Amino acid sequence: ALNGLPTVSYIIPTMYRVEYTLQLLNDLNQQTLLPNEVIVIDATPLGPSEILPYNPENYNFNLIAKTQESKGSCNARNEAIDLCSGEYIIFGDDDIRIPPNFIENHIRFLQTNNADACNGLDIRAEHHTNDLTHLTERLVELESKPKKAGVAMSFSNANSCVKRLLVKQLNGNDANF
């Protein structure tokens, strides 16, 4: 069981991949620990009469979707960080699929290991129509490979969970990388 009722903000930067993003939003809507908010920063150029295709009424969390004001995925994440209010921030790419216990597992891992940040596997969906069966098949392929928990010299924004206070101390992502 989780300690307390942790609040989670989930960040998705995207560009030209609405189908993937909508699929991920549906996965997030099925979580055993729902995010309090999901922030989508979409860099897809819109015409004068176009609007972002994300409907907050479709989800059991607060969906904040906005057009990216800067350039680059690091800057998109920084724009989203400024909108986060959760105790934890999960950074996810738009082209992933996640099982229903994804968020709960991240938080449980951090609480169990008394850690402030973690990286998970980064398994990209091959097509937006891939379902969780495809993800399960890919995970089975990886089952025989050793898994480690510890300190790493690298960090990936594709599948990571960090205490928001730590992200704020670091001033977000360094746009030079």
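Each value, and the rule that gives it
Every residue gets a number counted from 1 within its own chain, in the order that chain's sequence is written. Since the coordinates come from a predicted model, pLDDT governs what is reported: local features require at least 70, and pairs of side-chain atoms require 80 or more to be given and counted, while whole-chain, interface and lining totals use all residues. Based on all heavy atoms of the structure, the side-chain values leave hydrogens and waters out of the count. Each helix is a run of H or I in the DSSP string that is no shorter than four residues. Each strand is a run of E no shorter than two, and both are numbered from the N terminus. Here, residues are in contact when the closest pair of their heavy atoms is within 4.5 Å. Values of accessible area rely on a 1.4 Å probe in the Shrake-Rupley scheme; residue burial ignores everything except the protein chains shown. Aromatic rings from Phe, Tyr and Trp, taking only the six-membered ring of Trp, are treated as a pair when their centres fall within 6.5 Å; an angle between ring planes under 30 degrees marks them as stacked, one over 60 as edge-to-face, and anything in between as tilted. Remark: exposure states derive from per-residue accessible area (1.4 Å probe, protein chains only) relative to the maximum for the residue type, with buried under 20%, exposed over 50%, and partly exposed in between. Here, over-ring charges are defined by two tests on the NZ atom of lysine or the CZ atom of arginine: distance to the ring centre within 6 Å, and angle to the ring normal within 35 degrees. Buried residues of nine kinds, namely Ala, Val, Leu, Ile, Met, Phe, Trp, Tyr and Cys, make up a nonpolar core once their side-chain atoms join them within 4.5 Å. Summarising the geometry, the arc corresponds to the directions from the helix axis toward the C-beta atoms. Should DSSP find at least two bridges between two strands, the strands are taken to pair. Note on geometry: axes are lines fitted to C-alpha atoms, helical ones only across the stretch in contact, with angles between N-to-C directions running from 0 to 180 degrees.

Focus on the overall build of the protein chain
The helix and strand inventory of the protein chain stands at five helices and six strands. Traced from its N-terminal end to its C-terminal end, the protein chain shows the element sequence β-α-β-β-α-β-α-β-α-β-α. Considering only intrachain contacts with a sequence separation of at least 6, the fraction spanning at least 24 residues in the protein chain is 80%. Roughly 10200 Å² of accessible area belongs to the protein chain as shown, and the carbon and sulfur atoms make up 51% of that amount.

Comments concerning the packing of aromatic side chains
For the structure on display, the rule yields one aromatic pair. Here the aromatic rings of Y59 and F61 are separated by 5.3 Å at their centres, their planes lie at 15 degrees, and the arrangement is stacked. Classification of Y59 by relative accessible area gives buried; the value is 9%. A cation over a ring is seen here: R17 above Y20, with NZ or CZ 5.5 Å from the ring centre.

Overview of unusual backbone geometry
Not every positive phi belongs to a glycine, and Y16 is a case in point at roughly 60 degrees. One can find Y16 in the loop between strand 1 (8-14) and helix 1 (18-28). One non-glycine residue with positive phi stands out, namely N114, at about 45 degrees. Structurally, N114 can be placed in the loop between helix 3 (102-112) and strand 5 (117-119).

Looking at helix 2 (residues 73-81)
For an α-helix, the turn length of 3.6 residues means that residues three or four places apart are oriented alike. In terms of residue burial, helix 2 counts as a mostly covered element, since seven of its nine residues are buried. Along helix 2, the residues classified as buried are C74, A76, R77, N78, E79, A80 and I81. Lining the buried residues of helix 2 we find strand 1, strand 2 (37-42), strand 3 (62-67), strand 4 (88-92) and helix 5 (164-169).

Details of the nonpolar core
Looking at soluble globular proteins, one finds that nonpolar side chains tend to be buried together. Grouped together as the largest cluster of nonpolar side chains are 24 residues, with contacts concentrated most on Y10, I12, L25, L28, V38, L63 and I103. When residues of this core are traced back to their parent elements, those giving at least two are strand 1, helix 1, strand 2, strand 4 and helix 3. In terms of residue count, helix 3 provides more of this core than any other element does, four residues in total. Excluding residues within four positions of it along the chain, I12 makes contact with T21, L24, L25, L28, V38, I39, V40, I41, G92 and D94.

Points about helix 1
Residues of helix 1 that are buried: Y20, T21, L24, L25, D27 and L28. Angular distribution of buried residues about the axis of helix 1 spans 155 degrees; they occupy a single face of the element.

Some details on the sheet that holds strand 1
What the six strands build is an open sheet, ordered 3-2-1-4-6-5; its pairing is mixed. Bordering the open sheet on either side are strand 3 and strand 5, each of which pairs with just one other strand. Strand-to-strand twist of the sheet, defined as the mean angle between neighbouring strand axes without regard to direction, takes the value 15 degrees. With five bridges connecting them, strand 4 and strand 6 (residues 159-163) associate as antiparallel partners. Paired with I89 across the two strands is V162, which belongs to strand 6.

With respect to the environment of N159
Its location among the elements puts N159 in strand 6. Among the residues examined, N159 registers a relative accessible area of 7% and is labelled buried. The spacing of N159 and G120 is 39 residues in sequence and 5.4 Å in space, taken between C-alpha atoms.

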